[in-house]
Amino acid sequence: MKLKLIKFNSVKSTNDEAIKLIKKNKFIPCIITSKKQTKSRGTMGKKWISKKGNLFISLFFEVNSKNIKPNKFAVLNPRIIKNILTKYSKYKIFIKWPNDLLVKKRKLCGILQEVIEYNNKKFLIIGIGINTKISPKNKNFKSISLSTCSNRIIKNNEILIKIKSTYEKIISNLKKYKRIK
């Protein structure tokens, strides 16, 4: 399954843009990215601080009970992103269940998964915020950027393409061969 790639300069939230596209019945399945988010959010209504220069992505696709169950992706998502980011970090990346990736007990990545129903269909939206270049200041937790954890130059587009191709393979395989229970 190919994910159509849509790039924005600035949005309120990439997940909100995904919802708009679903309701317009456009570009499904899709991956959205934006250079800037002005009203991003995390799980349980928490605010996600989006610093320009970091990587903000939402991908979405239709799900059904026969082949892809959304609750199983909640377990897969942090593992998928950890596997991709591990290649860039000189430090160990830990999963803080259910939706954060940490390095040195500091937040590197947050994942927001939402399911919406529209026209009798279910859609899974996976929002991913990665502090690739800047560590946002937050009074509730400490953060870290991938660039401070790496000996490499971090290129957002390179990471985006790896995430896109990884999800394309996983979704295609699940639809064709497996049934997640």
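Residues numbered from 1 in each chain as written. Predicted model: local features only at pLDDT ≥ 70, side-chain atom pairs only at ≥ 80, totals over all residues. Heavy atoms only, no water.

Okay, a positive patch on the surface next. Together, Lys 51, Lys 90, Lys 104, Arg 106, Lys 137 and Lys 142 make up a positively charged patch on the protein surface. Within the secondary structure layout, Arg 106 lies in strand 6 (residues 106-118). (Patch = residues over 30% accessible without salt bridge, like charges linked within 9 Å, V, L, I, M, F, W, Y side chains within 5 Å. Areas by Shrake-Rupley, 256 points an atom, 1.4 Å probe, with all protein chains shown as cover. Salt bridge = Lys/Arg side-chain N within 4 Å of Asp/Glu carboxyl O. Lys, Arg positive; Asp, Glu negative; His and termini not counted. Charge placed at Lys NZ, Arg CZ, Asp CG, Glu CD. Helix = DSSP H or I, 4+ residues; strand = E, 2+ residues; numbered from the N terminus.)

Over the atoms rolls a probe the size of a water molecule, and its path tells where empty space is left. Roughly 220 Å³ of internal volume is contained in the second largest pocket. Thr 33, Ser 34, Lys 35, Leu 55 and Asn 156 are, among the 13 residues lining the second largest pocket, the residues nearest its centre. Residues that form the lining of the second largest pocket fall into these classes: four nonpolar, seven polar and two charged. (1 Å grid on protein atoms, 1.4 Å probe; cavity = no way out; pocket = protein on both sides within 12 Å on 5 of 7 lines; lining within 4 Å. Points joined across faces, edges and corners; volume = space filled by probe spheres on them. Nonpolar A, V, L, I, M, F, W, Y, C, P; charged D, E, K, R; others polar.)

Two faces make up the sheet, and in a regular strand the side chains alternate between them. Two strands pair when backbone bridges link them, and strand 4 (residues 93-96) and strand 5 (residues 100-103) are joined in this way by four bridges, in the antiparallel orientation. The residue bridging Ile 93 from the neighbouring strand is Val 103, located in strand 5. Linking strand 4 back to strand 5 in an antiparallel pair, the connection comprises three residues. (Pairing = 2+ DSSP bridges.)

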